[in-house]
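Read off the chains here:
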Amino acid sequence: MSTIWLMKSEPAEVSIDDALAASNQTVPWFGVRNYQARNFMRDQMRPGDPVLFYHSSCPEPGIAGLAEVAGAPYPDPTQFDPKSPYFDPKSDPSEPRWILVDVKALRKIPLVPLGELRRHAPLSGMRLLARGNRLSITPVTRAEYNFIKKQFLG
DNA sequence: GCCAACGTTGGC
DNA sequence: GCCAACGTTGGC
């Protein structure tokens, strides 16, 4: 049984449109620098897991598209690039600290705003909505996922 | 720009 | 191992 994920991206950096325009509609999920989120990618994600593509830190935060995990985890190359904002001088190339997966965008959806998600009781347990949540990758339950699809995607 | 919440760092 | 200080996230 696959796990379902919600993954936040700043659209100014990689939007759902950017992902759909990428080669094979696939983008590496670079830049995660939080151990819990890394561990989800490294230890729990499997190719084909459904992903809700969420836009954060932008004028209209919300779910912007559907995607899926596209491959096995591998080291995030930006951690070794001194010119990258995600450069991590403490990461040893022989034992990379930051791991990512590729994500394949499937389709853009009419934006489901954060405020709309908060409005529905069946979604009140979503990790995304928890007070103080900052985690950029969170699991989504099958019930939450099904509700979102039924409610917002007809 | 503000600020609540949370994660990380580093001295002890 | 504790915990204060600091840095970051991310909505508003």
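The preceding data block contains the structure.
Residues numbered from 1 in each chain as written. Chains lettered and ligands numbered in written order. Predicted model: local features only at pLDDT ≥ 70, side-chain atom pairs only at ≥ 80, totals over all residues. Heavy atoms only, no water.

(A) Inspection of the protein's contact with DNA strand B at higher detail. Neighbouring DNA strand B are Tyr35, Lys90, Arg131, Gly132 and Arg134. Each atom of DNA strand B within 4 Å of the protein belongs either to a base or to sugar and phosphate, the latter forming 75%. One of the side-chain N or O atoms of Arg134 is found 2.7 Å from a base oxygen in DNA strand B. Its residues placed into classes, the surface near DNA strand B shows 1 nonpolar, 1 polar and 3 charged. (Near = heavy atom within 4 Å. Polar contact = N/O pair within 3.5 Å; in protein donor to acceptor, adjacent residues only side chain to side chain. Nonpolar A, V, L, I, M, F, W, Y, C, P; charged D, E, K, R; others polar.)

(B) Expanded view of the protein's contact with DNA strand C. The full set of residues close to DNA strand C is Lys8, Tyr54, Ser56, Ser57, Pro61, Leu114 and Arg134. Close to the protein, within 4 Å, the atoms of DNA strand C belong to sugar or phosphate groups at a rate of 78%. In this structure, Ser57 approaches DNA strand C through a main-chain N or O atom, which is 2.9 Å from a phosphate oxygen. A breakdown of the residues in the surface near DNA strand C according to their chemical character gives 3 nonpolar, 2 polar and 2 charged.

(C) Spatial organisation of the pairing of strand E4 (residues 62–69). The element E4 is extensively covered by neighbouring structure, given that 7 of its 8 residues are classed as buried. Where strand E3 (residues 50–55) lies against E4, 6 bridges are found, and the strand directions are antiparallel. From the neighbouring strand, Tyr54 faces E4, where its bridge partner is Ile63. Linkage of E3 to E4, two consecutive antiparallel strands, is achieved through a turn of 6 residues, within which Ser57 is found at a positive phi near 50°. In this sheet, strand E7 (residues 102–113) lies alongside E4 in antiparallel orientation, the contact comprising 7 bridges. By the bridge assignment for E7, Ile63 is matched with Val112. (Buried < 20%, exposed > 50% of the residue type's maximum accessible area, 1.4 Å probe, protein only. Helix = DSSP H or I, 4+ residues; strand = E, 2+ residues; numbered from the N terminus. Pairing = 2+ DSSP bridges.)

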